Every structure is written in structure tokens, then in C-alpha cells.
Amino acid sequence: INFDCGGIVFNRLIAAVKRQFPGKIIIVGGPHVSTFREEVLKECHEIDFGVVMEGEGALISLCQNDLPYENIPGLIFREDGIIKVNDFKLNNSI
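Nothing here was measured: the structure is a model prediction, and the numbers come from that model. (Residues numbered from 1 in each chain as written. Predicted model: local features only at pLDDT ≥ 70, side-chain atom pairs only at ≥ 80, totals over all residues. Heavy atoms only, no water.)

### Describing the pattern of salt bridges
Link 1 in the chain: By the definition in use, this model includes three salt bridges.
Link 2 in the chain: Linking Asp48 and Lys18 is a salt bridge whose minimum nitrogen-to-oxygen distance equals 2.7 Å. Linking Asp48 in the loop between helix H3 (38–43) and strand S3 (49–51) with Lys18 in helix H1 (residues 8–20), this pair joins segments that are 30 residues apart in sequence.
Link 3 in the chain: Residue Asp48 is classed as partly exposed on the basis of its relative accessible area of 24%.
Link 4 in the chain: For Lys18, a relative accessible area of 16% corresponds to the buried category. (Salt bridge = Lys/Arg side-chain N within 4 Å of Asp/Glu carboxyl O. Helix = DSSP H or I, 4+ residues; strand = E, 2+ residues; numbered from the N terminus. Buried < 20%, exposed > 50% of the residue type's maximum accessible area, 1.4 Å probe, protein only.)

Here it is as C-alpha cells:
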């Protein structure tokens with residue numbers, strides 16, 4: 001489940017979705033995540049992943065499960081309870 005999020009209302013919505021569908025992975029993105037990065041995952045423990053800036057590549061890699069999390073540009077994730085933020089690459093071909 002993917003959300004473009006920001007703020008406490010979205011955190012409550014995400015928490016409600018996770019309660020209803022506990023096995024689903026929740027991914028957030030958008031300007032709020034790109035600005036606040038790891039703070040977003042600190043504020044909402046139900047979020048599994050965040051993607052910053054141009055997140056399409058990170059989403060594809062997550063869905064294909066073809067790279068370790070630490071090798072996916074622009075990905076925010078938890079590892080042993082520690083929030084990790086990967087560097088991102090801007091797509092200059094646009």
C-alpha cells in the first residue's frame with residue numbers, strides 16, 4: 001500500500017490501515033517524506049518504507065525484490081530497529 005503523506009491525519013490513517021491489514025507493507029512518499037525523511041518513520045511506526053525525491057525506481061526495486069534494501073537509492077527503512085536513509089539519485093533524463 002503506497003501513500004503520499006504528510007502530517008498527523010495521515011499517520012492516523014496509516015495506523016488504521018495497518019490494523020485492518022497487518023500483513024500489508026506500507027510505503028510512503030512525496031514532498032513530506034523527501035523533506036522530513038527518517039522523522040516520518042519515527043512518527044509513525046506502522047510505516048514500513050519511505051521513498052524520497054523521485055521514488056519510482058525505489059518502488060520498482062522494492063516490488064521486484066531484486067536488491068538489498070541498503071542498495072536501493074532513495075529508500076528509508078528499518079534495520080534491527082534503526083532507521084536507515086539511503087542516498088538518492090536524481091534522474092537527469094527527464
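### Things to note about the environment of Pro31
Link 1 in the chain: Looking at where Pro31 falls in the secondary structure, it is placed in helix H2 (residues 31–36).
Link 2 in the chain: Once the C-alpha coordinates of Pro31 and Met53 are considered, the two residues, 22 residues apart in sequence, prove to be 7.4 Å apart.

### Examining the side chain of Asn86
Link 1 in the chain: Summarising the element assignment, Asn86 is placed in the segment after strand S5 (82–85).
Link 2 in the chain: The exposure class of Asn86 is buried, given its relative accessible area of 11%.
Link 3 in the chain: Looking at Asn86, its side chain comes within polar contact range of the main-chain oxygen of Tyr69, at 2.7 Å.
Link 4 in the chain: If sequence neighbours within four positions are ignored, Asn86 has contacts with Tyr69, Glu70, Asn71, Ile72, Gly74, Leu75 and Phe77. (Polar contact = N/O pair within 3.5 Å; in protein donor to acceptor, adjacent residues only side chain to side chain. Contact = heavy atoms within 4.5 Å.)

### Quick notes on the confidence of the model for the protein chain
Interpretation of this model should avoid reading the predicted coordinates in detail wherever pLDDT is low.
Link 1 in the chain: On average, residues of the protein chain carry a pLDDT of 86, and 86% of them reach 70 or more.
Link 2 in the chain: Averaged pLDDT values over the elements of the protein chain bottom out at 54 in strand S1 (residues 2–4) and peak at 95 in S5. (pLDDT = per-residue confidence, 0-100.)

### Examining the packing of aromatic side chains
Link 1 in the chain: On inspection of all chains with the given rule, the structure shows two aromatic pairs.
Link 2 in the chain: Ring centres 4.9 Å apart and planes at 70° place the aromatic pair Phe49 and Tyr69 in the edge-to-face group. With a gap of 20 residues between them, Phe49 in strand S3 and Tyr69 in the loop between helix H4 (56–64) and strand S4 (75–79) connect regions that are remote in the sequence.
Link 3 in the chain: According to the relative accessible area criterion, Phe49 is buried, its value standing at 7%.
Link 4 in the chain: Residue Tyr69 is classed as partly exposed on the basis of its relative accessible area, which comes to 35%.
Link 5 in the chain: Note on Tyr69 and Phe77: the rings are 5.7 Å apart at their centroids and 55° apart in plane angle, and the pair reads as tilted.
Link 6 in the chain: Exposure remark for Phe77: the relative accessible area of 2% places this residue in the buried category. (Phe/Tyr/Trp six-rings, centres within 6.5 Å; stacked < 30°, edge-to-face > 60°.)

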